[in-house]
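Chain residues, written in single-letter form:
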Amino acid sequence: MGDVQFFAGIRLWANEWDFSSLSARRTVDPSNPSSVVLRDEVVSDVSDLEFVPMPTIGARYGNFLASVTYFVPTSYSVKGVLSRDVKRSELDVTAGYFVLPSLLVSLGYKHAKVDRLIEGLDSGQDISAVLLGLSASAPLSDRLSLYGNFAYGLAHQKSDSRDPRGKDSYSSTYAIGELGLSYRILEGRAGMFVKSLTGSIGYR
């Protein structure tokens, strides 16, 4: 549309979630063997494989690019660690600039939500991060290309409840990367409004 190029797509991400949760365990009080106390312990496991659709929309003007990607709310099996599955969702907003025809420098904002981590408590988690990223591609043939992207930044996590120290927010770092192949299925005008169609497969 004029000098602006619009794009849209959907990705299907096959992924497992390596989750941790807190569980109260009854143990004998070392200082008083006749009494039993409850102690919190961290339980870790890997969920079943889930296929998550992630729609993306965006626009490019000259060397500038902006996009939005949504990770639809998805339930992950926690294999009996908690009484029901845990739901996770994410939203990514990114703006970038092509410093080279095949190299994009970007600044992004990520927001993620997990509805619970602890049994019987308000334990939802709200995670936000600001990420600096690089995305690049290299042609392998006329239609096939190798692509990769990496982003790293500062993150903040807010919990619905406080831990034993009275804290409900934490600072951390966040990193994400992907490497894969893309293939131009159609070139030129693929439809009334579509000029190209590309498929890709990658590891994230």
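Everything here concerns the structure above.
In this text the structure is predicted, and so the values were computed from the model without any measurement.

### Structural notes on the overall build of the protein
Of regular secondary structure, the protein possesses 0 helices and 11 strands. Going from the N terminus to the C terminus, the protein shows its helices and strands as β-β-β-β-β-β-β-β-β-β-β. Burial analysis of the protein (204 residues in total) assigns 28% to the buried set. If you sum the accessible surface of the protein, you get close to 13300 Å²; carbon and sulfur atoms cover 60% of it.

### Quick word on the pattern of salt bridges
Overall, the coordinates contain 5 salt bridges when judged by the stated rule. A salt bridge links Glu90 to Lys110, with the nearest nitrogen and oxygen atoms 2.7 Å apart. One end of the pair, Glu90, is in strand β6 (residues 86–100); the other, Lys110, is in strand β7 (residues 103–114), with 20 residues separating them in the sequence. Residue Glu90 is classed as buried on the basis of its relative accessible area of 7%. The exposure class assigned to Lys110 is buried, which follows from its relative accessible area of 3%. Between Lys113 and Asp126 there is a salt bridge; the shortest N-O distance is 3.3 Å. Taken together, the positions of Lys113 in strand β7 and Asp126 in strand β8 (residues 125–139) put the pair 13 residues apart, joining distant regions of the chain. Salt bridges here are not isolated pairs; linked through shared partners, they connect Arg88, Glu90, Asp92 and Lys110.

### A look at the pairing of strand β4 (residues 50–61)
Alignment of strand β1 (residues 4–15) against β4, held across 12 bridges, turns out to be antiparallel. The residue bridging Val4 from the neighbouring strand is Tyr61, located in β4. Sheet topology note: the β4/strand β5 (residues 64–76) ladder contains 6 bridges and is antiparallel. Paired with Arg60 across the two strands is Leu65, which belongs to β5. Linking two consecutive strands that pair antiparallel, namely β4 and β5, is a turn of 2 residues; a positive phi of about 60 degrees is found at Gly62 within it.

### Points about the packing of aromatic side chains
Under the criterion given, the structure shown has 3 aromatic pairs. Aromatic pair Trp13 and Phe71: ring centres 6.0 Å apart, planes at 80 degrees, arrangement edge-to-face. With a gap of 58 residues between them, Trp13 in strand β1 and Phe71 in strand β5 connect regions that are remote in the sequence. Grouping residues by exposure puts Trp13 and Phe71 together as buried. Residue placement shows Arg88 over the ring face of Trp17; its charged tip is 6.0 Å from the ring centre. We note Arg204 situated over the ring of Trp13; from NZ or CZ to the ring centre the distance is 4.8 Å.

### Thoughts on the sheet that holds β7
Strand order in the open sheet formed by 9 strands is β1-β4-β5-β6-β7-β8-β9-β10-β11, and the pairing between neighbours is antiparallel. Each of the sheet's edge strands pairs with one partner strand only, and the pair in question is β1 and β11 (197–203). Within this sheet the neighbouring strands show an average axis-to-axis angle of 20 degrees, counted without direction.

### Considerations on a nonpolar patch on the surface
A cluster of nonpolar side chains, namely Ile57, Val68, Tyr70, Leu91, Val93, Leu107, Tyr109, Val130 and Leu132, defines an oily patch on the protein surface of about 780 Å² accessible area. At the level of secondary structure, the elements contributing two or more residues to the nonpolar patch comprise β5, β6, β7 and β8. With respect to the secondary-structure elements, Leu91 resides in strand β6.

### Some remarks on the nonpolar core
With 12 residues, the main nonpolar core is built from Trp13, Trp17, Phe19, Val52, Met54, Phe71, Tyr76, Val78, Val86, Ala112, Val114 and Ile127. For this core, the elements supplying multiple residues, two or more each, are β4, β5 and β7. Other than its neighbours up to four places away in sequence, Phe71 contacts Trp13, Val52, Pro53, Met54, Tyr76, Arg88, Ser89 and Glu90. In this structure, Ala129, Leu131, Ala151 and Ile176 belong to the second largest nonpolar core, which totals 5 residues.

### Side note on the environment of Phe71
For Phe71, a relative accessible area of 1% corresponds to the buried category. Separated by 58 residues in sequence, Phe71 and Trp13 place their C-alpha atoms 9.3 Å apart.

Conventions we followed
- Residues numbered from 1 in each chain as written.
- Predicted model: local features only at pLDDT ≥ 70, side-chain atom pairs only at ≥ 80, totals over all residues.
- Heavy atoms only, no water.
- Helix = DSSP H or I, 4+ residues; strand = E, 2+ residues; numbered from the N terminus.
- Buried < 20%, exposed > 50% of the residue type's maximum accessible area, 1.4 Å probe, protein only.
- Areas by Shrake-Rupley, 256 points an atom, 1.4 Å probe, with all protein chains shown as cover.
- Salt bridge = Lys/Arg side-chain N within 4 Å of Asp/Glu carboxyl O.
- Pairing = 2+ DSSP bridges.
- Phe/Tyr/Trp six-rings, centres within 6.5 Å; stacked < 30°, edge-to-face > 60°.
- Lys NZ or Arg CZ within 6 Å of the ring centre and 35° of its normal.
- Axes fitted to C-alpha atoms, helices over the stretch in contact; angles between N-to-C directions.
- Patch = residues over 30% accessible without salt bridge, like charges linked within 9 Å, V, L, I, M, F, W, Y side chains within 5 Å.
- Core = buried A, V, L, I, M, F, W, Y, C linked by side-chain atoms within 4.5 Å.
- Contact = heavy atoms within 4.5 Å.

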